[in-house]
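Each chain, letter by letter, is given below.
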Amino acid sequence: MAEINLTDLSCLREIMARFGISTKKKYGQNFLINKAVPLRIALEGCDEEDGVLEIGPGMGTLTRALCERAKKVVCLEIDETLIPVLDYTLGDFDNVTVILKDVLKTDLAQLCEEHFAQCEHVRVCANLPYYITTPVLMYLLESGVRFSSVTVMVQKEVADRITAKAGSSEYGAITAAVAYYGKAEKLFTVSPGSFLPAPKVESAVMRITMHEENPYADCNRKLLFDMVKAAFEQRRKTLSNTLRPLLSKEEREQLSSILLELGFPADVRGEKLDISHFAQIARRIEEGRTK
Ligand code: SAM
């Protein structure tokens, strides 16, 4: 087999032409052509004994780097025209399985049980299709699978939002929702020229390291997420006002004393609170309900 170097533009173009591939906007296809990026995602995203789930292998550029580093790689790809390409570009690895499937229609718990039973950790590494970044992230986090980490390329703006500090302008419901599951950090930024075709925006790779024990496991999850959603739907209003529709009359009357007892000003706005603060308030409301 001729040497496959998918970050070499002439090699990538030759393989695309041979298999009749052109990039599809509707699937968010921007293929990596900067050699350093897949290597760095693999290095920071997984280890030797890990099982890795990749979403959207595309031509197989990141997949090859993951196969070289991890024990086992399973990829989910929605575009059937890429399957014969992946057969070819990943043909020299015996630790990879490619599945033709939409990630959002995949039972991830079952998939991981089937493929990663022998792996020390199960992690996600991906250059995500930007048109469904948030649904995919939430789908992964809410899947019930104990992923140890999720390392993904997203639009830089999304990475800034997810890793924002409470009180900053980028901070929002998605920041708090992700923080419920783990600690998010931005690892490095990637310029548009690192992709074919070049996207209009800057990108960034971020890693979410899941909590080993969820510190909010004792909270009423629905109440907590409803509170976060309500607080950010009307972020200029005080928390007391945004929470009103979620609470009984009695709870509404108690809310300001709960806030004061917990050390928050009565007119605090949700955008100033991180997930641990929301959780403190949710616990107190829930205590009242179960008395
Ligand atoms: N990993 C490749 C790379 O880095 O060069 C390709 C990344 S490209 C940004 C996103 C990939 O996700 C494409 O291959 C696209 O076909 C695939 N994709 C889009 N929507 C998907 C979905 N719902 N489920 C699985 N794969 C999807």
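Residues numbered from 1 in each chain as written. Predicted model: local features only at pLDDT ≥ 70, side-chain atom pairs only at ≥ 80, totals over all residues. Heavy atoms only, no water.

This part takes up the packing of aromatic side chains. Following the criterion strictly, the structure yields 7 aromatic pairs and no others. With 5.9 Å between their ring centres and 35° between their planes, Phe 19 and Tyr 88 make a pair best called tilted. Here the residue Phe 19 occupies a position in the loop between helix 1 (9-18) and strand 1 (31-32), and Tyr 88 occupies one in helix 4 (residues 83-89), the gap between them amounting to 69 residues. Here the aromatic rings of Tyr 180 and Tyr 181 are separated by 4.9 Å at their centres, their planes lie at 80°, and the arrangement is edge-to-face. In this structure, Tyr 180 and Tyr 181 share a single accessibility class: buried. What links up through ring pairs into an aromatic cluster is the set Tyr 180, Tyr 181, Tyr 216 and Phe 225. The ring centre of Tyr 88 lies 4.8 Å from the NZ or CZ of Arg 18, which sits over that ring. (Phe/Tyr/Trp six-rings, centres within 6.5 Å; stacked < 30°, edge-to-face > 60°. Helix = DSSP H or I, 4+ residues; strand = E, 2+ residues; numbered from the N terminus. Buried < 20%, exposed > 50% of the residue type's maximum accessible area, 1.4 Å probe, protein only. Lys NZ or Arg CZ within 6 Å of the ring centre and 35° of its normal.)

Often the size quoted for an interface is simply the accessible area lost on bringing the parts together. For the chain, the domain assignment lists domain 1 (9-210) and domain 2 (221-290). With centres defined by C-alpha atoms, the gap from domain 1 to domain 2 works out at 35 Å. Both faces considered, domain 1 and domain 2 share a buried interface measuring about 930 Å² in area, 64% of it formed by carbon and sulfur atoms. Taken together, domain 1 and domain 2 are joined by 1 salt bridge. With a shortest N-O distance of 3.2 Å, Glu 142 and Arg 221 are connected by a salt bridge. Grouping the constituent residues of the side of domain 1 that touches domain 2 by class yields 8 nonpolar, 4 polar and 1 charged. (Domains from an automatic or database assignment. Buried area = accessible area lost by both parts, 1.4 Å probe. Salt bridge = Lys/Arg side-chain N within 4 Å of Asp/Glu carboxyl O. Nonpolar A, V, L, I, M, F, W, Y, C, P; charged D, E, K, R; others polar.)

Mapping Thr 175 onto the fold places it in helix 8 (residues 173-181). The residues contacting Thr 175, other than those within four sequence positions of it, are Arg 161, Ile 162, Ala 164 and Glu 170. A distance of 2.8 Å separates the side chain of Thr 175 from the backbone oxygen of Arg 161, its partner in a polar contact. (Contact = heavy atoms within 4.5 Å. Polar contact = N/O pair within 3.5 Å; in protein donor to acceptor, adjacent residues only side chain to side chain.)

Here the focus is the sheet that holds strand 9 (residues 203-210). Spatial ordering of the open sheet is given by 4-3-2-5-6-9-7, a layout of 7 strands whose pairing is mixed. Unpaired on one side and paired on the other, strand 4 (96-100) and strand 7 (182-190) mark the two borders of the sheet. When the angles between neighbouring strand axes are averaged without regard to direction, this sheet yields 20°. The strands touched by helix 6 (residues 133-141) are strand 2 (51-55), strand 5 (122-127), strand 6 (149-155) and strand 9; relative to strand 6, the strand with the most contacts, the crossing angle is about 175°. (Pairing = 2+ DSSP bridges. Axes fitted to C-alpha atoms, helices over the stretch in contact; angles between N-to-C directions.)

Turning our attention to the side chain of Thr 63. Structurally, Thr 63 can be placed in helix 3 (residues 61-69). A distance of 2.6 Å separates a polar atom in the side chain of Thr 63 from a polar atom in the side chain of Glu 54.

Considering all chains together, one arrives at 23 salt bridges under this definition. Residue Lys 24 pairs with Asp 79 through a salt bridge whose shortest N-O separation is 2.8 Å. In this pair, Lys 24 sits in the loop between helix 1 and strand 1 while Asp 79 sits in the loop between strand 3 (72-77) and helix 4, placing the two residues 55 residues apart along the sequence. Judged by relative accessible area, Lys 24 falls into the partly exposed class, the value being 24%. The salt bridge involving Arg 207 is made with Glu 44; its shortest N-O contact spans 4.0 Å. Of this pair, Arg 207 sits in strand 9 while Glu 44 sits in helix 2 (residues 36-45), and the two are 163 residues apart along the sequence. Taking the relative accessible area as the measure of exposure, Arg 207 reaches 18% and is therefore buried. With relative accessibility at 26%, the residue Glu 44 sits in the partly exposed group. By sharing partners, the salt bridges in this structure join Arg 40, Glu 44, Glu 185 and Arg 207 into a single network.

Moving on, we get to the site of the ligand. Around the ligand lies a shell of 23 residues, among which Leu 32, Gly 56, Glu 77, Asn 127 and Tyr 131 are the nearest. Separating a nitrogen atom of the ligand from a side-chain N or O atom of Tyr 131 is a distance of 2.8 Å. For the shell around the ligand, the class distribution of residues is 12 nonpolar, 6 polar and 5 charged. (Near = heavy atom within 4 Å.)

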